[in-house]
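# Survey of secondary and tertiary structure
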Amino acid sequence: MKNRKLYAAALAATLAVSMMGTTVMAADVTGDTTINYTPGTAGPIDPVNPGDEETSENNWMVVYPKTVVLTDSNLRNTSGALFENGATLSFTVKQKQAGSDGSDTIKAANIPTGIDVTATAATTAWSATDITMDAVNSGQGTATMQLAGFDNSTTALNQGETLGNLTDAAATKSGKAELTDSTKTVDGNSYSTTIKFTFAPGK
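By convention here, each chain's residues receive numbers from 1 onward along its written sequence. Only residues with pLDDT of 70 or above have their local features reported here, since the model is predicted, and side-chain atom pairs are shown and tallied only from 80 upward, although totals for entire chains, interfaces and linings are computed over all residues. Note that the side-chain values use all heavy atoms of the structure and ignore hydrogens as well as water.

### Here we look at the overall build of the protein
For the protein, the helix and strand inventory stands at zero helices and eleven strands. Ordering the α and β elements of the protein from the N terminus gives β-β-β-β-β-β-β-β-β-β-β. Among the 203 residues that make up the protein, the fraction classed as buried is 39%. Contact between two residues is taken to exist if any of their heavy atoms lie within 4.5 Å; hydrogens are not considered. Sequence separation of 24 or more characterises 79% of the internal contacts of the protein that already satisfy a separation of 6 or more. Each accessible area is a Shrake-Rupley result for a 1.4 Å probe, and residues are judged covered by the shown protein chains and nothing else. Counting every atom, the protein has about 10,700 Å² of accessible surface; 49% of that belongs to carbon and sulfur. Where helices and strands are cited, they refer to DSSP runs of H or I of at least four residues and of E of at least two residues respectively, numbered from the N terminus. Exposure classes here rest on a 1.4 Å probe applied to the protein chains alone. A residue is buried below 20% of its type maximum, exposed above 50%, and partly exposed in between.

### Some points on the side chain of Thr193
Mapped onto the secondary structure, Thr193 falls in strand S11 (residues 190-201). On the basis of relative accessibility, which here comes to 2%, the residue Thr193 falls in the buried class. Among the polar contacts listed, one links the side chain of Thr193 to the side chain of Thr124, at a separation of 2.7 Å. Think of a polar contact as two N or O atoms within 3.5 Å of one another; within protein, one of them needs to be a possible hydrogen donor and the other a possible acceptor, and neighboring residues in sequence only count if both atoms come from side chains.

### Quick word on the pattern of salt bridges
Salt bridges are counted wherever a side-chain nitrogen of Lys or Arg sits within 4 Å of a carboxyl oxygen of Asp or Glu. Inspection of the entire model under this criterion finds five salt bridges. Taking the shortest distance from any N to any O, the salt bridge between Glu178 and Arg76 comes out at 2.5 Å. Here Glu178, found in strand S10 (residues 172-181), pairs with Arg76, found in the loop between strand S3 (61-70) and strand S4 (87-94); they are 102 residues apart in sequence, far enough to count as distant. Look at Arg76 and you get buried, because its relative accessible area is 17%. Close ionic contact of Asp101 with Lys107 constitutes a salt bridge, the shortest N to O distance being 3.1 Å. For Lys107, a relative accessible area of 23% translates into the label partly exposed. Here the residues in one salt-bridge network are Glu54, Asp101 and Lys107, joined through shared partners.

### Some words on the nonpolar core
In this description, a nonpolar core means a group of buried Ala, Val, Leu, Ile, Met, Phe, Trp, Tyr and Cys residues linked to one another through side-chain atoms lying within 4.5 Å. In terms of nonpolar packing, the biggest core is built from 34 residues, with Trp60, Phe91, Val93, Leu147, Phe197 and Phe199 touching the most fellow members. Going through the elements one at a time, S3, S4, strand S5 (115-122), strand S7 (130-135), strand S8 (142-148), strand S9 (162-166), S10 and S11 are the ones with two or more residues in this core. Once residues lying within four places of it in the same chain are set aside, the contact partners of Val93 are Trp60, Met61, Val62, Ile106, Ile111, Ile115, Leu166, Thr167 and Ala171.

### What about the environment of Ser127?
Position of Ser127 among the secondary structure elements: in strand S6 (residues 126-127). The exposure class assigned to Ser127 is exposed, which follows from its relative accessible area of 51%. Placed 32 residues apart in sequence, Ser127 and Gln159 show a C-alpha to C-alpha distance of 8.3 Å.

### Comments concerning the packing of aromatic side chains
Any Phe, Tyr or Trp ring, taking Trp's six-membered ring, that has another such ring centre within 6.5 Å forms a pair; planes under 30 degrees apart are called stacked, those over 60 apart edge-to-face, and the others tilted. This structure, assessed with the given rule, holds four aromatic pairs. A centroid spacing of 5.8 Å and a plane angle of 50° characterise the contact between Phe91 and Phe150, whose relative ring orientation is tilted. Of this pair, Phe91 sits in strand S4 while Phe150 sits in the loop between S8 and S9, placing them 59 residues apart in sequence. Across this residue pair, the class does not change: Phe91 and Phe150 are buried. When the ring of Phe91 is compared with that of Phe197, the centres are 5.2 Å apart and the planes differ by 70°; the resulting orientation is edge-to-face. Taken together, the residues span a long stretch of sequence, with Phe91 in strand S4 and Phe197 in strand S11 at a distance of 106 residues. Residue Phe91 shares its accessibility class with Phe197, and that shared class is buried. An aromatic cluster of three or more residues is present, and its members are Tyr64, Phe91, Phe150, Phe197 and Phe199.

Right, here's the structure in full:
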């Protein structure tokens, strides 16, 4: 039986909101909003023998978002529709070394059971499906968010649950991160948590 190797990567979900805007009276008013996205990769570090790129089970990696910025627009709406306003978390599995065809498109032989993507831990409290986002720089207040799995799921995940499985037929899939409670935030503060995703051959 082959060992089931796990590859972990961290995603930092940062909420930066101002709950009570400052009123400005002027003829022209401008405001800058910065949106950051930084992709990362995780996968086996074992070497791939030249010529085995299309069949080696070491020849895969997952491209995942390292940073996701949540804003007020990602707050769950008052009707309670789950993840309707969620920010997209996209994951793609591909070959880390292109094969003889010159393409890094993943092959079934590389991931015969697919790749499971699991939310395994957070730097702050995870209570059932609620993930606490603490104030940065020792600020005051907290916020709460939830994660949903692939295929437009509207079910909030518990810690350790799988978002879903990436395959050669469905190499890119997306989950959601949604802000669920901002009532305990303090104006001017930012809130964040780090979630660790684990990538492993499917069970």
